[in-house]
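Each chain, written out:
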Amino acid sequence: MDRQRKRADSLDQNDSALELDSSPLSSCEHSSSLQQTHPTIMSADYEPVCSEEKNLDVDFVTRAKNNESIPLKDLCSDKVLGLYFSDGKRRVDYVLTYHIQKSGSTRRQSSKFGDNSFIRRLRRSLSKRSSRAPLQPKEDPEVAAQQHQTDYHEDDQRFKRDEFEENLQKTGLELEKDEGSTIPGVGFLKIHAPWNVLCREAEFMKLKMPTKKVYEVKQGSSVVEKIRMFIHKVTAPLHPKVDTSQSQCQKPLSHPFSREKQHLFDLSDKNKFFDSKTRSSIVYEVLKRTKCIKPKYPLGLTSLLANGVYTSAYPLHDGDIEGVSAEPNDRKLLYEQWASYSVFYKYQPIGLIRKYFGEKIGLYFAWLGVYTQMLIPAAIIGVIVFLYGCATVDDNIPSMEICDPRNNITMCPLCDQACSYWKLVTACGTAQASHLFDNAATVFFSVFMALWAVLFMEHWKRRQMRLNYVWDLTGFGEEEEGEHKDHNRAEYEFRVMQKKVKLEHSDLMDEKVKLTCTDRLPAYLTTVVMMGFMIIVTFVIVFGVILYRISIRAALHMSSHPVVRYNIRATVKTTAAIINLIIIIILDEIYGAIARWLTRLEVPKTDKSFEERLIFKTFILKFVNAFTPIVYLAFFRGRLVGRPGNYLYVVGSYRMEECAHAGCLMELCIQLCITMLGKQLIQNNLFEIGLPKLKKMLRRRKSEMVSIQEPVPHKTLKRYEKDQLLGPFVGLNPEYMEMIIQFGMVTLFVASFPLAPLFALLNNIIEIRLDAKKFVTELRRPIAAKAKDIGIWYNLLRGLSKVAVIVNAFVIAFTSDFIPRLVYQYMYSPDGTLHGFVNHTLSYFNVTDFDPGTEPLQPMHLGYKVSVCRYKDYRDPPWSSTKYELSKEFWAILAARLAFVIVFQNVVMLMSDFVDWLIPDIPKDISLQIHKEKILMVELFMKEEQGKRFAARDNQDNCTVPLSANQRPPQPRSRPVSQANCS
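Bear in mind the structure is a predicted one, so any value in this text is a computation, not a measurement.

It is worth spelling out the overall build of the protein chain at this point. A tally of helices and strands in the protein chain yields 34 helices and 17 strands. Here the protein chain, with 983 residues, has 48% of them falling under the buried criterion. Taking the intrachain contacts of the protein chain between residues at least 6 apart in sequence as the baseline, contacts between residues at least 24 apart amount to 79%. By element, 59% of the accessible surface of the protein chain is carried by carbon and sulfur atoms, the whole surface being about 50,900 Å².

With that settled, the discussion passes to the side chain of Arg466. Relative to the helices and strands, Arg466 resides in helix α18 (residues 440-470). When near neighbours in sequence (up to four residues on either side) are disregarded, Arg466 contacts Glu225, Arg228, Pro923, Asp925 and Ile926.

For the rest of this paragraph, the subject is the pairing of strand β6 (residues 186-192). For a regular strand, side chains alternate in direction, first toward one face of the sheet and then toward the other. Burial within β6 is extensive, with seven of its seven residues counted as buried. The side-chain alternation of β6 yields two buried faces, one formed by Val186, Phe188, Lys190 and His192 and the other by Gly187, Leu189 and Ile191. Two strands pair when backbone bridges link them, and strand β2 (residues 94-99) and β6 are joined in this way by six bridges, in the antiparallel orientation. From the neighbouring strand, Val95 faces β6, where its bridge partner is Lys190. Alignment of strand β5 (residues 174-178) against β6, held across five bridges, turns out to be antiparallel. Bridging across to β6, Glu174 finds its partner in His192.

Another aspect to go through is the nonpolar core. Trp367, Tyr371 and Phe749 are the most contacted members of the largest nonpolar core, which has 113 residues in total. Looking at this core element by element, the count peaks at 14 residues for helix α15 (residues 359-391). Contacts of Phe749, omitting those with residues within four sequence positions, involve Phe627, Ile630, Val631, Ala634, Phe635, Leu668, Leu672, Gly744, Val807, Asn808 and Val811. Residues Met209, Leu301, Leu304 and Ile930 belong to the second largest nonpolar core, which totals 43 residues.

All chains considered together, the criterion is met by 47 aromatic pairs. Considering the side-chain rings of Phe627 and Phe749, the 6.3 Å spacing of their centres and the 20° angle between planes classify their relative orientation as stacked. Of this pair, Phe627 sits in helix α24 (residues 607-636) while Phe749 sits in the loop between α27 (733-748) and α28 (756-778); the two residues are 122 residues apart in sequence, bridging distant segments of the chain. By relative accessible area, which is 3% here, Phe627 ends up buried. Ring geometry for Phe635 versus Phe749: centroids 6.3 Å apart, planes at 40°, classification tilted. One end of the pair, Phe635, is in helix α24; the other, Phe749, is in the loop between α27 and α28, and 114 residues separate them in sequence. Given a relative accessible area of 23%, Phe635 falls into the partly exposed group. The buried category is assigned to Phe749, whose relative accessible area is 3%. Sitting above the plane of the Tyr844 ring, Arg870 keeps its charged end 3.7 Å from the centroid.

Pairing is possible between side chains of opposite charge, provided their charged atoms come close. The tally for this structure, following the rule as stated, stands at 44 salt bridges. Put simply, Arg90 and Asp87 hold a salt bridge, and the shortest N to O gap is 2.7 Å. Here Arg90 falls in the buried class, since its relative accessible area comes to 16%. For Glu201, the salt bridge identified is with Arg289, shortest N-O distance 2.9 Å. Pair noted here: Glu201 is in helix α8 (residues 195-205) and Arg289 is in helix α11 (residues 276-289), with a separation of 88 residues, a long-range link. Taking relative accessible area as the criterion, Glu201 reaches 2% and is therefore assigned buried. Judged by relative accessible area, Arg289 falls into the partly exposed class, the value being 32%.

The positions UniProt marks with the feature "transmembrane region" (unreviewed entry) are residues 364-388, 440-457, 524-550, 570-594, 614-635 and 739-762. In this annotation, residues 570-594 is assigned 100% helix and 0% strand; the end-to-end C-alpha distance for the span is 36 Å. Annotation note: span residues 739-762, helix share 71%, strand share 0%, distance between end C-alpha atoms 13 Å.

Our next topic: the confidence of the model for the protein chain. When the pLDDT values of the protein chain are averaged, the result is 78; 77% of them are 70 or greater. In the model, residues 963-967 has pLDDT below 50 throughout and makes one contact with residues more than four positions away in sequence or in other chains.

Attention now goes to unusual backbone geometry. Even without being glycine, Lys206 reaches a positive phi, approximately 55°. Along the chain, the position of Lys206 falls in the loop between α8 and β7 (208-216). Judged by its relative accessible area of 26%, Lys206 falls in the partly exposed class. A positive phi is found at Asn408, a non-glycine position, where the angle reads about 50°. Here Asn408 is to be found in the loop between α16 (397-403) and β10 (410-411).

Now for the packing of α24 against helix α29 (residues 792-815). Direction vectors running N to C along α24 and α29 enclose 10°, while the axes themselves pass 13 Å from each other. With respect to their mutual orientation, α24 and α29 come out roughly parallel. When α24 is examined against α29, the residues Glu612, Ile615, Phe619, Phe623, Ala634 and Phe635 are found in contact with a partner set consisting of Ile792, Trp793, Leu796, Leu800, Val807, Phe810, Val811 and Thr815. Taken together, the residues of the contact of α24 with α29 sort by class into 12 nonpolar, one polar and one charged.

Procedures and definitions
- Residues numbered from 1 in each chain as written.
- Predicted model: local features only at pLDDT ≥ 70, side-chain atom pairs only at ≥ 80, totals over all residues.
- Heavy atoms only, no water.
- Helix = DSSP H or I, 4+ residues; strand = E, 2+ residues; numbered from the N terminus.
- Buried < 20%, exposed > 50% of the residue type's maximum accessible area, 1.4 Å probe, protein only.
- Contact = heavy atoms within 4.5 Å.
- Areas by Shrake-Rupley, 256 points an atom, 1.4 Å probe, with all protein chains shown as cover.
- Pairing = 2+ DSSP bridges.
- Core = buried A, V, L, I, M, F, W, Y, C linked by side-chain atoms within 4.5 Å.
- Phe/Tyr/Trp six-rings, centres within 6.5 Å; stacked < 30°, edge-to-face > 60°.
- Lys NZ or Arg CZ within 6 Å of the ring centre and 35° of its normal.
- Salt bridge = Lys/Arg side-chain N within 4 Å of Asp/Glu carboxyl O.
- UniProt positions renumbered as here; feature names shortened; annotations may be inferred.
- pLDDT = per-residue confidence, 0-100.
- Axes fitted to C-alpha atoms, helices over the stretch in contact; angles between N-to-C directions.
- Parallel < 35°, antiparallel > 145°, perpendicular 65-115°, else oblique.
- Nonpolar A, V, L, I, M, F, W, Y, C, P; charged D, E, K, R; others polar.

This is how it looks when you write it as structure tokens:
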């Protein structure tokens, strides 16, 4: 009891101290005097918020209600914008938010130690009620216990915040709280890093900063560089209007910052030496290192955010982007020159993106820009191939034979009983449409796209090296990455701490405890089982769509409406493709959540390991989800059918579906087209436009509902309050994953859909501006992260480009009729043309050989009795001794198909490797400039050392006093005066 009473007294003192600290003060001086009087208030911990700043919002509302004009200088002041502390001098480098119990501007105290006025009113009401009515039953003990538990939880969170903030101040950071914000229930902790902390952390992080030494960048004299410079001059109107502080012909030498070598750097304006991006990243590093050690387990910032001690953490945007209060800043410039649809035809300001968001985000948009530029020639060639197919469709002999009604070819039924015999001429439209994508130019386009993928990868590597040189990332390697690897994830440290506790109880404590593969074995087994299960689920769903196509085809054939019967093929293809699209979109969201859950189970040690594992799982699941229906149409449909009289059945009486006479390439094209357009329009663009705006509207609506009794115009929100209403930054993985899947659509099955690069190009032009608007206006500013490449995504791109060669070889050989046409033309055609090719691909079937119960219910549907029908396959006729067996033409065509796959794959791979070897990864001028930088840096340090030697020699000469001829020599035991002065 004594211990509980002491704890209650201490909590009561803390609550009273917090009440004093959060109460409105008349002035800043009055606040400081209060802090000196009451030592429990964190006088050395937080800077007080002046009443002048606190009353700005009230003054704004009062004048707005009275319809008075508000001076523009009040709107544009930094105090209103919230970019600085209350003194208007120290910049807010980072913000932490936390939940507070508030009613208006007064803090609601814990009910346990409570609000005295509330207790007095409650006692007064109870006394009045007891005088008039019988005593009411007491409060429900469960409700009281829940309230007590809630209050204890809030106090525990406040204690953790106090300790964490005290540890932050020990690192030198300066803090200021704002619990009287216009957003009810949210408190803000503003963090400022002073100059000495910035210098210390910059040296610790080995940040490269520009020195005073500036050298001239000489342009290369090779033909390639001259062409590049010529293109740069021609496309000058397409470059954004962004002012650069340094000329392109000059570049400052950069060196890791050191406090001992501050004279090397231009420190004339210390406020601008470290920009806002660098300042926030420095503060973030300090926050990651700081721990809250009083609880049972040490808690870092990530754990505090996960436990609700803090609700969010973010750096501030530079300012507003529109309106009269928007002052010139990098964010506004990005909004005008990058995030606007009116500049869709211009290049991206990659340098400004890197300056504002950091190297990692800058590299993503640079890669997206290079990918979009490289899609232009691919789209042009794809359109030419498509137009070639349109121009030659009337001259295509196989299509002409199918469309000729004089051939009078009767085909076997497409399903049992419900389907009847049909004329081949009814497939005329499908045959002509298939020629648009299945023609001689398709093979050329497949070879071109394979080489295009290699050229794209090489072009990006060279562009990446150029950016590394311009952004001073050439030395960013293992040493710098090792510094960032030292920060373990909070979940990993928590699991290690749990393991330490277990080992301490079992007396098996080692010097260094870490999680081993044995500890993670259950998580690994769960990952394997769950991913296998999800892949099986994808296969089952695709099989369900196959059953849908089979059943709906039979149902439509039984319809009595002639219009429905005439459009059976188009209806089945389109509806099945739309169903596949909806399933893909839904499963994408589910698989993304499952992949993140599985990665958390594995407890990776670092953020980089977590990200790579998450990317790998997400890519496998989403790739299988997106491409399983396409792979089925390309390689399996129509090949697992059987033949009339001996069909293959699944799930009882469902007969496997066949391809149209012109092949499955047209259906593959429809599936690719609907999937690409649907994912781009619905999943990518609509979700990226609609969901962020909807979430932002809900957050703003929630804030308005809470403060409905005290409405505050939106203009009174400070910068950190406006950023609180924005969406959190969740990383670049969704953006990369979206583009990787699109890259697979463009390269893997481009032989069946030459217009895929055009659709991807149009989507990316919009995608760049959508992502730009989202980053600038809809999301909080992310932490600037350094990176010299795009990481694991490059390996995925390279793997897809290699797989694309094999896939396109099989599509051309087995899905299209390119190889059968060549074999017929050069082996079986009597005149060396394609005349008679359609008849050559059709086999005969005697209708008396149908299995009982599978023959058509309406055999006279065509008006005459059918004795022999045709079907697409290479089999012997019924009058042969080996009837319905595979013919020798089948084996000849199969051998030709396999030979084409081997030749195509090896030739294209050889050409790709030759192009890869021919183009160097590092541009020659960049390698020369990097070498020149190293020489200039050595010369700079040599001059510095020589300067130190001369200074030391001069100092030594000044300390030596010359003796005159008549002067007595100094005594050996005496100390010379000059030497004493020098010491």
